[in-house]
Every structure is written in C-alpha cells, then in structure tokens.
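Inside the fold
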Amino acid sequence: METLVRVTDLSRRFGSHLALSGVNLCLERGEVLGLLGPNGAGKTTCLRLLGGMLAPDGGRIEIQGIDLARRPLEAKRHLGYLPERPPLYPELRVDEYLTFCARLHRLPRRRIGEAIEEAKHRCGLEDAGRRLIAKLSKGFRQRLGIAQAILHKPALLILDEPTEGLDPFQMRELRGLIRELAHDCGIILSSHLLPEVQAVCDRVAILYQGQIRFDDYLPAEQPVYGWRIRLGPPSSVAQVADLPGVAGALALGDDRYRVMLADDATSADLARVILLAGLELRELIPDRSDLERVFFDLIGVEEAA
Ligand SMILES: Nc1ncnc2c1ncn2[C@@H]1O[C@H](COP(=O)(O)OP(=O)(O)OP(=O)(O)O)[C@@H](O)[C@H]1O
C-alpha cells in the first residue's frame, strides 16, 4: 500500500468560527474516500486545505510524503482539483481550455497534445474538442472539469461535490468514470448524499460541525436492506419467517425480529401480512448499518429540524 495523503490534526477558523478541528485522515493509492456531511459541515474547507487553496491554522498535510505547507509547489504537482464550481471559461472551446490548463500545470510543450488527447479519452470527451464550453451540458462540464484535473496525471484527485446538479444518467456515468480513474490514483470526493458515497466510495469519513465523526471502509457488497419489527407476545421466529414476502427472519429477543423482505415486497406489505396473520405489530423500523445509523443520527435529524 502506498499512502498518498496523511492529514494530522488539521484545523481552520474563519474569524471566531471554527470550521474544521482536529481532522485526521489518510488515503492509499487506489482508494476512493467520500467526505460526507451536511451543508456547512466543513467539506469544502477541508478539500480547499488539501488542495493548497487555503492555509490551515493548525495541523499538517503530507501529499506523497511532501509537506504541503513547506514545499507547496512540489506537493501540488501530485494533485488534481475539481472545485465545487469548475473553473471553466464559456467563451473557449474544449481543446483551447485544456491547452490553457496544461500550461498552468506546466506540462512540457511537446507533451501537451498527447496529454489532452488522453484526458479527453478518459473522460469521454473525444469528440468534444471543438465544442464551445458555453454550449456543453452540465454533465459534460463536469467531465471537462475532471479532464483539467487529471491532465498532469496526479496521484491524488480531489473532487468537490462532483455529481451535484447532474441528472441520474449523468450521475451514473460520472460514478463509472470516478471508479475507473481510481485504478491509478487516490480520490477524495465530498458529498452530502449517503447513497452517492455508498455507490462510489471504498471508505467514508463523516464530517459534522468541523469534526470527523466516523471513518471506516464500506462493505464490498451493499448491505441488504432489512426491517426491525416488534410484535405483541407471544410470537416466534417461525411465524415471522413463514409470512408471505418475507425472505428471512432473525430473532433478536423480547418479540423483536430482524426481517429480510423478498425483492418486490415493501414495508407496507410486511405490515399487512403481519396483521392478516393475526399478529400484533408494535414497531416497524428500517434496520440500518452502522454507517447509516451514524449518518441519520447526525444528519437526518439535522435536516429534518
Ligand atoms: N471564506 C469563508 N469565510 C467565512 N466563513 C466561511 C468561509 N468558508 C466557509 N466558511 C464557513 O465555514 C463552515 C464550513 O463551510 P464549508 O463550505 O467548508 O462547508 P461544506 O460542508 O462544504 O458545506 P456545503 O455542502 O454547503 O458546501 C460554514 O459555516 C461556512 O459558513
């Protein structure tokens, strides 16, 4: 494993407001890390610090072992950054814009043409070179934003809310691209959507009020979505498992059960068959993974408030 990024005890204030405090993170090559949190949690601040756009008040960032504060130019050579709003010039054509970015990345002149073709190919922009940026769809603009970030083949790619504002089809395409890019670099992306992070990331760090509250790998397989029920006594796991639409049941004690539904069954179906079987339904709640529990405890409550 090659550690691309190591963040230690990072903090940043804006006036009296502590936007980020005591953040520790690391990222290995090949990993996609999702920074998940509600609006104002500190995601953009964290990514801007990682990208060297903002200086921290405390802590340390190392990119491929290079201290970003001490050797910024050297460290930044290893990173590509897509801000929340891609820095595009609508009056330029795609090739013109990428040539401009290649110069900013200080690519040698003789390598620019080849680097642009490769970045366009990876981002599905092969036929877009002559198109005016003003005329590109939102999905293509995001692709172009990513193309400018990977021109110089960085080891670390930072993507701030990359799928924000895309339609479901564009989102799926961009997720595929992110997974593919992760074959040869490490990626940190931010999102405020749990399913988004679950769909594309290997690991998730939940940021809330400027602090990391959860940091763990996601299971390779999506957790099977289940339900927890509590019935009136007496009841048995066999009664629950035999209900139509129930694929499996596990007794949790005190007439509580974890229930897996067959593919097309819903929680409303479950409630109906329980009542039809003459059982008393006292509780029916979604069975969440640890990640979902943390996320909904912190963020679900916040958003509902
Ligand atoms: N330049 C700034 N000046 C003052 N306060 C700022 C600045 N940038 C961010 N903040 C504050 O820091 C906190 C974290 O903001 P940040 O943009 O990092 O959150 P976020 O998680 O990216 O939110 P969003 O999902 O809305 O983009 C917020 O309270 C925000 O108002």
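That block above? That's the structure.
Keep in mind that what you see is a predicted model, and the values were worked out from it rather than measured. (Residues numbered from 1 in each chain as written. Predicted model: local features only at pLDDT ≥ 70, side-chain atom pairs only at ≥ 80, totals over all residues. Heavy atoms only, no water.)

1. Some details on the overall build of the protein chain
Note the threshold: For the purposes of this entry, the term helix denotes a DSSP run of H or I that reaches at least four residues, the term strand denotes a run of E that reaches at least two, and both are numbered from the N terminus. With a 1.4 Å probe rolled over the protein chains alone, any residue whose accessible area is under 20% of its type maximum counts as buried; one over 50% counts as exposed, and the rest are partly exposed. Whether two residues are in contact is decided by their heavy atoms, any of which lying within 4.5 Å being enough. Here the open area of atoms and residues is found with the Shrake-Rupley method and a 1.4 Å probe, where only the protein chains shown may cover a residue. When charges are tallied, Lys and Arg are placed among the positive residues and Asp and Glu among the negative ones, while His and the ends of the chain are skipped. Where a charge lies is defined by one atom per residue type: Lys uses NZ, Arg uses CZ, Asp uses CG and Glu uses CD.
Along the protein chain, the regular secondary structure elements total ten helices and 14 strands. Taken along the three principal axes of its C-alpha coordinates, the protein chain extends 80 × 45 × 40 Å. Buried residues in the protein chain amount to 47% of all 305 residues. Contacts spanning at least 24 positions in sequence make up 68% of the contacts within the protein chain whose residues lie at least 6 apart. With an accessible surface of roughly 15,500 Å², the protein chain has 50% of that area assigned to carbon and sulfur atoms. Computed over 40 positive and 43 negative side-chain charges, the inter-centroid distance for the protein chain is 8 Å.

2. Observations concerning the site of the ligand
To keep it simple, the criterion reads: One heavy atom within 4 Å of a molecule or strand makes the whole residue count as near it. Definition of a polar contact: a pair of N or O atoms within 3.5 Å, with one able to donate and the other able to accept a hydrogen when the atoms are protein atoms, and with sequence-neighbouring residues admitted only if both atoms are side-chain atoms. For this classification, Asp, Glu, Lys and Arg are treated as charged, while Ala, Val, Leu, Ile, Met, Phe, Trp, Tyr, Cys and Pro are nonpolar and the rest, including Gly, are polar.
The ligand sits among 13 residues. The nearest are Gly40, Gly42, Lys43, Thr44 and Thr45. Separating an oxygen atom of the ligand from a side-chain N or O atom of His17 is a distance of 3.2 Å. Side-chain polar atom of Thr45 to an oxygen atom of the ligand: 2.5 Å apart, as the coordinates give it. Summarising the interface, the protein chains cover 61% of the accessible area of the ligand, which totals 630 Å² for the free molecule. For the shell around the ligand, the secondary-structure elements that each account for two or more residues are β2 (17–28) and α1 (43–50). Grouping the amino acids of the shell around the ligand by side-chain chemistry returns four nonpolar, six polar and three charged.

3. With respect to the sheet that holds β2
For the record, the criterion: One requirement defines pairing of two strands: DSSP has to find at least two bridges between them.
Spatial ordering of the open sheet is given by β2-β1-β4-β5, a layout of four strands whose pairing is antiparallel. If you trace the sheet from one side to the other, it starts and ends with β2 and β5 (66–67), each paired once.

4. A word on the layout of surface pockets
As a reminder of what qualifies: The way it works is a 1 Å grid over only the protein atoms, where trapped points that fit a 1.4 Å probe form a cavity and open points with protein on both sides within 12 Å along at least five of seven lines form a pocket, and then any residue with an atom within 4 Å of a point lines it. Grid points are joined across faces, edges and corners, and a volume is the space filled by probe spheres set on the points.
Of the volumes computed, that of the largest pocket is approximately 620 Å³. Lys76, Leu79, Leu104, His105 and His152 are, among the 19 residues lining the largest pocket, the residues nearest its centre. Listed by contribution, the elements that provide at least two residues to the lining of the largest pocket are α2 (72–76), β6 (79–82) and α3 (94–104). Per-element tally for the lining of the largest pocket: the top contributor is α3, with four residues. Considered class by class, the residues forming the lining of the largest pocket number eleven nonpolar, five polar and three charged.

5. A closer look at the pattern of salt bridges
Counted only if it meets this: Just to be clear on terms, a salt bridge is a Lys or Arg side-chain nitrogen sitting within 4 Å of an Asp or Glu carboxyl oxygen.
As enumerated under the stated definition, the model contains 20 salt bridges in all. Across the pair Lys120 and Glu117 runs a salt bridge whose closest N-O atoms are separated by 3.4 Å. In this pair, Lys120 and Glu117 both sit in helix α4 (residues 109–122), three residues apart, roughly one turn of the helix. Assessed through its relative accessible area of 3%, Lys120 is described here as buried. A cluster of three or more residues bridged by salt bridges with shared partners is formed by Arg60, Glu62, Asp67 and Arg70.

6. Considering the packing of aromatic side chains
Aromatic rings in a pair are described by how distant their centres are and how their planes are angled relative to each other. Heads up, the condition is: Under the pairing criterion, centres of Phe, Tyr and Trp rings, with the six-membered ring standing for Trp, must be within 6.5 Å; the plane angle then separates stacked pairs below 30 degrees from edge-to-face pairs above 60, leaving the rest tilted. Put simply, a charge is over a ring when the Lys NZ or the Arg CZ is close to the ring centre, within 6 Å, and near the line of the ring normal, within 35 degrees.
Counted under the stated rule, the structure contains two aromatic pairs. Between the aromatic rings of Tyr89 and Phe100, the centroid separation amounts to 5.7 Å while the plane-to-plane angle is 80°, which identifies the pairing as edge-to-face. Pair noted here: Tyr89 is in the loop between β6 and α3 and Phe100 is in helix α3, with a separation of eleven residues, a long-range link. For Phe100, a relative accessible area of 35% translates into the label partly exposed. Connected via pairs of aromatic rings, a cluster forms that spans Tyr89, Tyr97 and Phe100. Of note, Arg131 hangs over the ring of Phe140, and the distance from its end group to the ring centre comes to 5.7 Å. Residue placement shows Arg203 over the ring face of Tyr217; its charged tip is 5.6 Å from the ring centre.

7. Brief notes about the packing of α3 against helix α5 (residues 138–150)
The following threshold applies: Lines are fitted to the C-alpha atoms to define the axes, a helix being fitted only along its stretch in contact, and any angle between axes, read from their N-to-C directions, falls within 0 to 180 degrees. Each angle receives one of four descriptions, namely roughly parallel if under 35 degrees, roughly antiparallel if over 145, roughly perpendicular if within 65 to 115, and oblique otherwise. Helix crossings are classified by the rotation of the near helix relative to the far one: an anticlockwise turn of less than a right angle makes the crossing left-handed, while a clockwise turn makes it right-handed.
For the pair α3 and α5, the least separation of the axes is 9 Å and the interaxial angle reads 30°. Looking at the two axes, α3 sits roughly parallel to α5. Note on packing geometry: the crossing formed by α3 with α5 is right-handed. Facing α3, whose interface residues are Val94, Tyr97, Leu98 and Cys101, α5 presents Leu144, Ala147 and Gln148. Split by residue class, the contact of α3 with α5 holds six nonpolar, one polar and no charged.

8. A few points about the sheet that holds strand β3 (residues 32–36)
In a beta sheet, neighbouring strands are held together by backbone hydrogen bonds and run either parallel or antiparallel to one another. The sheet built from six strands is open, its strands ordered β6-β7-β8-β3-β9-β10 with mixed pairing. At either margin of the open sheet sits one strand with a lone partner, and together these are β6 and β10 (211–217). Across the sheet, the mean angle from the axis of one strand to that of its neighbour is 15°, orientation sign disregarded. Alignment of β3 against strand β8 (residues 186–191), held across five bridges, turns out to be parallel. In the sheet register, Val32 faces β8, and the bridge partner there is Ile187. Packed onto the sheet, α1 meets β3, β6, β7 (156–159), β8 and β9 (203–208) and runs at close to 155° relative to β8. Across the sheet, helix α6 (residues 168–181) lies against β3, β7 and β8, angled at about 150° from β8, the strand it touches most.

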